[in-house]
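# Structural overview for review
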Amino acid sequence: MSDEEQLSYEEARDQLVEVVRQLESGNVPLSTSMELWERGEKLAAICQQWLDGAKAKIDAARPATD
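Criteria and thresholds
- Residues numbered from 1 in each chain as written.
- Predicted model: local features only at pLDDT ≥ 70, side-chain atom pairs only at ≥ 80, totals over all residues.
- Heavy atoms only, no water.
- Helix = DSSP H or I, 4+ residues; strand = E, 2+ residues; numbered from the N terminus.
- Contact = heavy atoms within 4.5 Å.
- Areas by Shrake-Rupley, 256 points an atom, 1.4 Å probe, with all protein chains shown as cover.
- Core = buried A, V, L, I, M, F, W, Y, C linked by side-chain atoms within 4.5 Å.
- Buried < 20%, exposed > 50% of the residue type's maximum accessible area, 1.4 Å probe, protein only.
- Axes fitted to C-alpha atoms, helices over the stretch in contact; angles between N-to-C directions.
- Parallel < 35°, antiparallel > 145°, perpendicular 65-115°, else oblique.
- Left-handed = near helix turned anticlockwise from the far one by under 90°.
- Nonpolar A, V, L, I, M, F, W, Y, C, P; charged D, E, K, R; others polar.
- Expected span 1.5 Å × (residues − 1).
- Salt bridge = Lys/Arg side-chain N within 4 Å of Asp/Glu carboxyl O.

### Regarding the overall build of the chain
The helix and strand inventory of the chain stands at two helices and zero strands. Put simply, 68% of the contacts in the chain that link residues at least 6 apart link residues at least 24 apart. When the accessible surface of the chain is split by element, carbon and sulfur atoms take 55% of a total near 5300 Å².

### Considering the nonpolar core
Core analysis: the largest hydrophobic core is formed by seven residues, namely Leu7, Ala12, Val19, Leu36, Leu43, Ile46 and Cys47. Secondary structure elements with two or more residues in this core: helix H1 (9–25) and helix H2 (30–61). Tallying contributions element by element places H2 first for this core, with four residues. For leucine 7, the contacting residues outside a window of four places in its chain are Ala12, Gln15, Leu43, Ile46 and Trp50.

### Notes on the packing of H1 against H2
Where H1 contacts H2, the axes come no closer than 9 Å and their chain directions differ by 150 degrees. Judged on the interaxial angle alone, H2 and H1 are roughly antiparallel. The two elements H1 and H2 cross, and the hand of that crossing is left-handed. Each of Tyr9, Ala12, Arg13, Gln15, Leu16, Val19, Gln22 and Leu23 in H1 lies in contact with H2, whose residues at this interface are Ser33, Leu36, Trp37, Arg39, Gly40, Leu43, Ala44, Ile46, Cys47, Trp50 and Leu51. For the contact of H1 with H2, the residue count by class is 13 nonpolar, four polar and two charged.

### Focus on H1
A rise of 1.5 Å per residue sets the reference length of H1, with its 17 residues, at 24 Å; its end C-alpha atoms lie 24 Å apart and thus fit the reference within 8%. Remark: glycine 26 follows H1 within two positions and exhibits a positive phi of approximately 75 degrees.

### Regarding the pattern of salt bridges
Under the defined criterion, the tally for this structure stands at three salt bridges. Among the ionic pairs, aspartate 59 bridges to lysine 55, the shortest N-O distance being 2.8 Å. Residue aspartate 59 and its partner lysine 55 are both found in helix H2; the two are separated by four residues, about one turn of the helix. Look at aspartate 59 and you get partly exposed, because its relative accessible area is 36%.

So yeah, pure geometry; function would need other evidence.
Set out below in structure tokens:
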């Protein structure tokens with residue numbers, strides 16, 4: 001498991017915000033922008049995994065309504 005995969009939701013979100021800030025600044029070379037984009041994609045996936053897990057727990061805790 002990589003260090004990125006061990007991030008909490010909040011850590012991944014905060015790092016993603018920083019990546020976006022750097023990309024939006026326009027002050028980084030293209031090669032760095034590509035690296036930041038790839039890191040951002042990984043961080044976004046980690047955040048989504050946390051959110052999906054939280055939703056699954058909530059759904060499991062709710063009584064079935066049919």
